[in-house]
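Observations on the model geometry
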Amino acid sequence: MNLIAELEAEQIASLGKEIPDFKAGDTIRVGYKVTEGTRTRVQNYEGVCISRKGGEGIGASFTVRKISFGEGVERVFPLYSTNVESITVVRRGKVRRAKLYYLRDRRGKSARIAEKTNYRPKSDAKA
């Protein structure tokens, strides 16, 4: 492993975050810390993950799209941000693309994503 990868791995380990296995097409719920004045609360943002960028590195991010009051809203979250409290996978999507930007042009039934029923988590041990 090169020096940069080692430093990134060290940084990620020091954060101690538990990131679930998710990809584009999965419906996820992101608990995001919102500061209003002096109080801080966690606000959930639930939608379809339409892309992931940056691989597994410290600079990785993902985009979540949801429909709010009939309008499409997208938000980009840094994967290892201190403001991201939790990431929960609500349902697994069955898609054949890594980036689902085509969903921006779709409405209603054509914007649906089929659920993957035969999901098996990735094993960490490589045989």
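For the protein, the name recorded in an unreviewed UniProt entry is Large ribosomal subunit protein bL19, with Paracoccus onchidii as its organism. Within the UniProt record for the protein, the comment given under Function (unreviewed entry) is "This protein is located at the 30S-50S ribosomal subunit interface and may play a role in the structure and function of the aminoacyl-tRNA binding site."

This next bit is on the overall build of the protein. Within the protein, the secondary structure is distributed over 1 helix and 5 strands. Put simply, the protein runs from its N terminus to its C terminus through helices and strands in the order α-β-β-β-β-β. Taken over the C-alpha atoms alone, the protein extends approximately 50 × 45 × 20 Å along its principal axes. By the burial criterion, 26% of the 127 residues in the protein qualify as buried.

So, about the pattern of salt bridges. Under the counting rule described, the total for this entry stands at 8 salt bridges. The partner of Arg-92 in a salt bridge is Asp-26, with the nearest N and O atoms 3.5 Å apart. With Arg-92 in the segment after strand E5 (84-91) and Asp-26 in the loop between helix H1 (3-15) and strand E1 (27-36), the pair connects residues that are 66 residues apart, well separated along the chain. Here Arg-92 falls in the buried class, since its relative accessible area comes to 17%.

Averaged over all residues, the pLDDT of the protein is 91; the fraction at 70 or higher stands at 96%. Taken element by element, the protein is modelled with least confidence in H1, mean pLDDT 89, and with most confidence in strand E2 (residues 39-53), mean pLDDT 96.

Attention now goes to the nonpolar core. Counting residues in each nonpolar core, the largest one holds 14 residues, and the members touching the most others are Phe-22, Ile-28, Val-30, Phe-62, Val-64, Phe-77 and Leu-79. Of all the secondary structure elements, the ones that give two or more residues to this core are E1, E2, strand E3 (61-68) and E5. Counting 6 residues, the second-largest nonpolar core is a separate cluster that includes Ala-24, Leu-100, Leu-103 and Ile-113.

About the thresholds
- Just so you know, the residues in each chain are numbered from 1, in the order the chain's sequence is written.
- In keeping with the model being predicted, local features are shown solely for residues with a pLDDT of at least 70 and side-chain atom pairs are shown and tallied solely at 80 or more, while totals for entire chains, interfaces and linings include all residues.
- Only hydrogens and water are removed before side-chain values are computed, so all heavy atoms of the structure are retained for them.
- UniProt positions are given in the numbering used here, feature names are shortened, and annotations may be inferred rather than shown by experiment.
- Every helix listed is a DSSP run of H or I at least four residues long, and every strand listed is a run of E at least two residues long, numbered separately from the N terminus.
- Only protein chains enter the area calculation, which uses a 1.4 Å probe; residues under 20% of their type maximum are buried, those over 50% are exposed, and those in between are partly exposed.
- Between Lys or Arg on one side and Asp or Glu on the other, a salt bridge is scored when a side-chain nitrogen of the former is within 4 Å of a carboxyl oxygen of the latter.
- Per-residue confidence from the prediction method is given by pLDDT, with values spanning 0 to 100.
- To form a nonpolar core, buried Ala, Val, Leu, Ile, Met, Phe, Trp, Tyr and Cys residues must be joined to one another through side-chain atoms within 4.5 Å.

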